[in-house]
Amino acid sequence: MQSPEIQENLTRLFQSNKVVFWQDPDGEYQESVETLIPSGVRLIDLNTEPKLKVKVDLELGEPDQQFLIYEPYPKPSPEDDWLLSVRFYAAPFAADRSTQILQQLGLESMTLRDHVSLRKKFFASKARLAALQKRVKPSDDALKLDRKMLATLAKCETNDLATLLITLFQELATEGSLDAQSKSLAEFARFGLEQSFWQQVESGFGYVSEQPSLKNLLLAMLVTDLYYSTGQLPSGIQGLRLPEVAESNVVVCLGRWRDSASYSAAYDKLSAQAAEILKLQSQLSELETEKLLDNRSFVVIEQLIASRLRDRLLAEADSLDEAIFCNLVQARKNSYWASPLLADNDDVARSAFQKVYQALDVAARFMGLTSADSPGFASAREGVDLYQKQFFKIDQYYRLICEAGAAINEQGWDLLKPLLSEVEARYSQRYLTPLALNWGKLLERGPLEDGEDTSLLSNWKVEGVVPQQSFYKSKIKPVLDKPGDRRVFVVISDAFRYEAAEELTRELNGSNRISAELGSLLGVLPSYTKLGMAALLPHHSLSYKDARVLVDGQPSASLEDRNKLLGQEQGAAIKAESFMAMRKDEGRDFVRPYQVIYIYHNKVDAIGDSASTESGTFDAVRDSIDELAAICNKIINSLNGSQVFVTADHGFLYQESAPADVNKHGRTEADDLVEQKKRYVIGHKLPDNDTAYRGNISDTSGADTDLNFWVPKGIGRFHFIGGARFVHGGAMPQEVLVPLINVRQLKGKHAEGAVSRTTGVTVMGQNFRISTLRYRFQLVQTEAVSERVKPLTVKVGLYDVTTAMDSVSNVEVLHLASTSASLDDKLQEVWLTLDSQAYDSQKRYALVLQNAETGIEEARVDVAINLAFSMDF
């Protein structure tokens, strides 16, 4: 240390101390000490002055006199130290490099001087010293000082050993391999800290090796984590398990790593490599499924769980406990490897796992509804009621399963192929075929009553269901006839069927200030676009000219045609894409002159009605639900619309497996044939057909025409031109039961209660005192999930909240999504594992629940941590 620096430090010390004790064991400054003391300070050189005299001078001398005691030899032992009591109150000072470093770091213990001296290479850099200075506390001992030096070299955010290890593992992942070299570990060796690092790893994690490596450490930690959560290990890797006393630290460390949005991708990469090194996939058959459910160590275990859940579903399809199975699947959907909160990467396709579990969840419900043949019904009213309450779910579940299956196939996984085959067989054999037979009985010509045919085809009506051709008269005109400035929006989506409308209704009811109610119309027959679209327009009559459908004698097929027809009712027609492209002010200017606006949307029919694109039918349904919701929200929220009707011209049938047989009897070369499609034939004086239902368009649409039609019995097709899987035009409920959603803007008190929100969560119990490393908490979902109350995903962990939020446990993720009003159904438990360390009774600890999506704190409960002394043994 240079003389000016010594003088400056001594002057600073004497500003707040009467006595300063300068230790100079090598006597380096014995000849110059007198020139270095500040003015007014008396020098006491212990090499020349007796100890007793020094004590007397200090205690009985002038009260304002300041003293510099200079000791030019090694410090004596406490038994031989006459000035021991003086050392307790005198300010220590030294001018050697090690002591200077201690003082710069603000460390209280001068016993660290030799320790610092051993690390002099580290302290040769002012930048490293300055970085360390920000981490050090006055009370730090040699172990903590070394750890903070290690953290400084590795550029860790915090100083704990778990974070240090995660940072080093991250370096391996960045290099792409467990066999890569850690740059930080090389730095530890360069500055003489590598031995200290491995000693700390041994102390904290029980890892001992003659040739320690990060690769082998991580293998051992992953194996230990697997054992901790399952209580079982394949025989081939049992020798890698770390000591039991270290298990909690392993669990907490790996748990934090997985929970880190920044580092979890590195965990995915290295754990996948570790699974290959351990040959884990070939050994998993030894492990029980139920014990694996809480494990997050390896993605191959998640694959095993998914496969076994699929096998259970197939094996127990007709006797499955649906609630238990779906709860298991729901838990998997929110597990680490399928978490919607984490992104896909090269090592884990989380979105694919989400689709797998979505498919399993829906398939379980599908199996429950198809465990026996569909129930019969004696009347059209009874059949419609059954469809709207139960049967539509089978169509909807089928679509959702196929949708998920397509996404999984894109990933190249064969996981769901056996399940999809079973679903396809059930959908056809246990649902469509029985439904077609039962519905067909109503369509057949019945007995004559007073000379009249009683079949449904001749009496095309269902009690309580508005005919499609009466839509404007029954639904729109009554609204417009009410007093005041009224405006109605009608959104017509081509081939948007009932089951999809039910999903859209639920989505709309989850929007703020919107109420949606699903009903139905009895569609015209044949159920095809030209007739269905015409029936929905305001009209006095429908008629035909060749194959064209006329409305009040006018053409109705084009947008221009429909604008002319609607203009007579102070209305307008517009395509959905044009409507959505309008800015708010443009949209308001457009609708201002009109009382009724028809918005035409075409996605499902455009995709499905072509052989080259029909495989994308269910994707088109998904897009339609999203787009129709966006249209309704724009009308309500941007254009101040208060009344919207969403409907369709017809529905459709779709199966993933195309039927093999064609009903060739539907082909005719009659001269007066008008139209011939896959599910209908229209002509004049069509004869009876044993394989098709024959009807009159005048009976099934109210049109003024003598045209007849055929529709194939059941789900048959007349030909496959234009594709075989997507069809419409026939008389099945999926084709003719047209959805009608009444969407309204809520105002006043009604709007206040129609605000979407997430459910809440509370912690059961109080006065929590934790005395073991593993502790159970019970959480309660405060509201049942509904259309307006959304599920909540929370991260649950224990934290030191004395000054900041320092995690002291693993973090678990819970998904609160119960739809039940029962408290038992809304109760969930979570087990947390504490980091094995000393816990200060003076610090404040808390159980903290954070919204996993937003990071907002949902709940906090104070806890006391007082680990039993037996944990030390």
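As the structure is a computational prediction, the values presented were derived from the model and not from experiment.

Student: Summarise the packing of helix 16 (residues 299–315) against helix 18 (residues 350–369); cite the residues concerned and give the values.
Tutor: How two helices pack is summed up by the angle between their axes together with the distance between the axes. Put simply, helix 16 and helix 18 touch, their axes get as near as 11 Å, and they point 15° apart. If you check the angle between helix 16 and helix 18, you find them roughly parallel. Seen along the crossing, helix 16 lies across helix 18 with a hand that is left-handed. On the side of helix 16, the interface is formed by Val-299, Glu-302, Gln-303, Ile-305, Ala-306, Leu-309, Arg-310 and Leu-313, while helix 18 contributes Phe-353, Val-356, Tyr-357, Leu-360, Ala-363, Ala-364 and Met-367.

Student: So, the pairing of strand 9 (residues 514–522): which residues are in play, and what are the values?
Tutor: As paired elements, strand 7 (residues 466–467) and strand 9 share two bridges and run parallel to each other. What sits directly across from Pro-467, in strand 9, is Leu-522. Sheet topology note: the strand 9/strand 22 (residues 737–745) ladder contains nine bridges and is antiparallel. Within the sheet, the bridge partner assigned to Gly-519 lies in strand 22 and is Leu-740.

Student: How would you summarise the sheet that holds strand 1 (residues 19–23) if you had to cite specific residues and measurements?
Tutor: Spatially, the four strands line up as an open sheet ordered 2-3-1-4, and their pairing is parallel. At either end of the open sheet lies a strand with only one pairing partner, and these are strand 2 (41–45) and strand 4 (91–93). Averaged over all pairs of adjacent strands, the angle between their axes in this sheet comes to 25°, without regard to strand direction. Here helix 3 (residues 51–60) sits on the sheet in contact with strand 1, strand 2 and strand 3 (66–71), set at roughly 160° to strand 2.

Student: Tell me about the nonpolar core, and name the residues and values.
Tutor: Formed by 213 residues in total, the largest nonpolar core has its most connected members in Phe-197 and Tyr-598. If one sorts the elements of this core by residue count, helix 19 (residues 380–410) sits on top with 14 residues. Among residues more than four places away in sequence, those in contact with Phe-197 are Leu-150, Leu-164, Leu-165, Leu-168, Leu-185, Phe-188 and Leu-214. Counting 24 residues, the second-largest nonpolar core is a separate cluster that includes Val-763, Leu-779, Val-796 and Val-863.

Student: Which residues make up the sheet that holds strand 11 (residues 548–551), and what values go with them?
Tutor: Spatial ordering of the open sheet is given by 10-11-12, a layout of three strands whose pairing is antiparallel. Here the strands that pair on one side only, and so sit at the sheet edges, are strand 10 (542–545) and strand 12 (554–555). Note: strand 10 against strand 11, four bridges, orientation antiparallel. Pairing of Leu-542 across the sheet is with Val-551, part of strand 11. Its contacts with the sheet place helix 23 (residues 529–536) against strand 10 and strand 11, and it is angled at close to 5° to strand 11.

Student: Describe in detail unusual backbone geometry, supporting the description with residues and values.
Tutor: Of note, the bond from Leu-525 into Pro-526 is cis; its omega dihedral lies within 30 degrees of zero at 0°. With respect to the helices and strands, the residue Pro-526 is situated in the loop between strand 9 and helix 23. Within the chain, Asp-546 stands out as a residue other than glycine whose phi angle is a positive 60°. With respect to the helices and strands, Asp-546 occurs in the loop between strand 10 and strand 11. Exposure remark for Asp-546: the relative accessible area of 63% places this residue in the exposed category. For Gln-570, which is not glycine, the phi torsion reads 55° and is therefore positive. For Gln-570, the position within the fold is in the loop between helix 24 (559–567) and strand 13 (571–575). The class for Gln-570 is partly exposed, based on a relative accessible area of 41%.

Student: Describe a positive patch on the surface, naming the residues involved and giving the relevant values.
Tutor: A contiguous patch of positive charge, built from Lys-482, Arg-486, Arg-513 and Lys-747, is present on the exposed surface. As for its position among the elements, Lys-482 is in the loop between helix 21 (471–480) and strand 8 (488–493).

Student: Explain a nonpolar patch on the surface to me, using residue names and the numbers behind them.
Tutor: Together, Leu-52, Val-56, Leu-60 and Trp-82 make up a nonpolar patch on the protein surface, roughly 470 Å² of accessible area in all. For Trp-82, the position within the fold is in the loop between strand 3 and helix 4 (84–89). Relative accessible area serves as the criterion here: at 55%, Trp-82 is assigned to the exposed category.

Student: Give me the environment of Asp-605: which residues, what numbers.
Tutor: Structurally, the position occupied by Asp-605 is in helix 27 (residues 604–608). By relative accessible area, Asp-605 is classed as buried at 10%. Spatially, the C-alpha atom of Asp-605 lies 8.2 Å from that of Phe-496, the residues being 109 residues apart in sequence. When residues no more than four places from it in sequence are discounted, the contact partners of Asp-605 are Asp-494, Ala-495, Thr-529, His-650, Phe-726 and His-728. Of note is the side chain of Asp-605, whose polar atom sits 3.2 Å from the side chain of His-728.

Student: Quick one: what's the story with the side chain of His-728, residue by residue and with numbers?
Tutor: Secondary-structure assignment places His-728 in the loop between strand 21 (726–727) and helix 30 (733–736). Engagement of the side chain of His-728 in a polar contact is seen with the backbone oxygen of Ser-527, the distance being 3.1 Å. Residue contacts for His-728: discarding those within four places in its chain leaves Ser-527, Tyr-528, Thr-529, Asp-605, Asp-609, His-650, Gly-651, Phe-652, Arg-679, Tyr-680 and Glu-735.

Student: Describe the pairing of strand 32 (residues 845–851), and please don't skip the residues or the numbers.
Tutor: Along strand 32, six of the seven residues are buried, which leaves the element largely enclosed by surrounding structure. Two strands pair when backbone bridges link them, and strand 28 (residues 792–800) and strand 32 are joined in this way by seven bridges, in the antiparallel orientation. Its bridge partner being in strand 32, Asp-800 is matched across the sheet by Tyr-845. Pairing analysis gives six bridges linking strand 32 to strand 33 (residues 857–865), with the strands arranged antiparallel. Bridge assignment links Leu-849 to a residue of strand 33, and that residue is Ala-859. The loop that links strand 32 with its antiparallel partner strand 33 comprises five residues; one of these, Gly-855, has a positive phi angle of about 80°.

Student: Which residues make up the environment of Thr-224, and what values go with them?
Tutor: Within the secondary structure, Thr-224 sits in helix 12 (residues 214–230). For Thr-224, a relative accessible area of 1% gives the class buried. Along the backbone, Thr-224 and Val-245 are 21 residues apart, and their C-alpha atoms lie at a distance of 11 Å. When residues no more than four places from it in sequence are discounted, the contact partners of Thr-224 are Leu-240, Arg-241, Leu-242, Glu-247 and Val-250. At 2.7 Å, the side chain of Thr-224 and the backbone oxygen of Ala-220 are in polar contact.

Student: Tell me about the packing of helix 10 (residues 183–190) against helix 11 (residues 194–205), and please be specific about residues and values.
Tutor: Where helix 10 contacts helix 11, the two axes come as close as 7 Å, and the packing angle between them is 120°. Residue-level inspection shows Leu-185, Phe-188 and Ala-189 of helix 10 in contact with helix 11, the latter providing Glu-194, Phe-197 and Trp-198.

Student: Describe the pattern of salt bridges, with residues and values.
Tutor: Enumeration over the complete set of coordinates arrives at 52 salt bridges. In this structure, Arg-312 engages Glu-290 in a salt bridge whose closest nitrogen and oxygen atoms are separated by 2.6 Å. With Arg-312 in helix 16 and Glu-290 in helix 15 (residues 289–292), the pair connects residues that are 22 residues apart, well separated along the chain. Assessed through its relative accessible area of 24%, Arg-312 is described here as partly exposed.

Student: Can you lay out the packing of aromatic side chains for me, pointing to particular residues and giving the numbers?
Tutor: Per the stated rule, a full pass over the model turns up 31 aromatic pairs. Taken together, a centroid distance of 6.1 Å and an interplanar angle of 35° make the contact between Tyr-267 and Trp-337 tilted. Note that Tyr-267 is positioned in helix 14 (residues 264–277) and Trp-337 in the loop between helix 17 (322–333) and helix 18, a separation of 70 residues in sequence. Exposure class is identical for Tyr-267 and Trp-337. Each is buried.

Student: How would you sum up the environment of Pro-712? Please name residues and give values.
Tutor: Inspection of the secondary structure puts Pro-712 in strand 20 (residues 707–712). Spatially, the C-alpha atoms of Pro-712 and Ala-378 are 21 Å apart, while their sequence positions differ by 334 residues.

Cut-offs and rules
Residues numbered from 1 in each chain as written. Predicted model: local features only at pLDDT ≥ 70, side-chain atom pairs only at ≥ 80, totals over all residues. Heavy atoms only, no water. Axes fitted to C-alpha atoms, helices over the stretch in contact; angles between N-to-C directions. Helix = DSSP H or I, 4+ residues; strand = E, 2+ residues; numbered from the N terminus. Parallel < 35°, antiparallel > 145°, perpendicular 65-115°, else oblique. Left-handed = near helix turned anticlockwise from the far one by under 90°. Contact = heavy atoms within 4.5 Å. Pairing = 2+ DSSP bridges. Core = buried A, V, L, I, M, F, W, Y, C linked by side-chain atoms within 4.5 Å. Buried < 20%, exposed > 50% of the residue type's maximum accessible area, 1.4 Å probe, protein only. Patch = residues over 30% accessible without salt bridge, like charges linked within 9 Å, V, L, I, M, F, W, Y side chains within 5 Å. Areas by Shrake-Rupley, 256 points an atom, 1.4 Å probe, with all protein chains shown as cover. Salt bridge = Lys/Arg side-chain N within 4 Å of Asp/Glu carboxyl O. Lys, Arg positive; Asp, Glu negative; His and termini not counted. Charge placed at Lys NZ, Arg CZ, Asp CG, Glu CD. Polar contact = N/O pair within 3.5 Å; in protein donor to acceptor, adjacent residues only side chain to side chain. Phe/Tyr/Trp six-rings, centres within 6.5 Å; stacked < 30°, edge-to-face > 60°.

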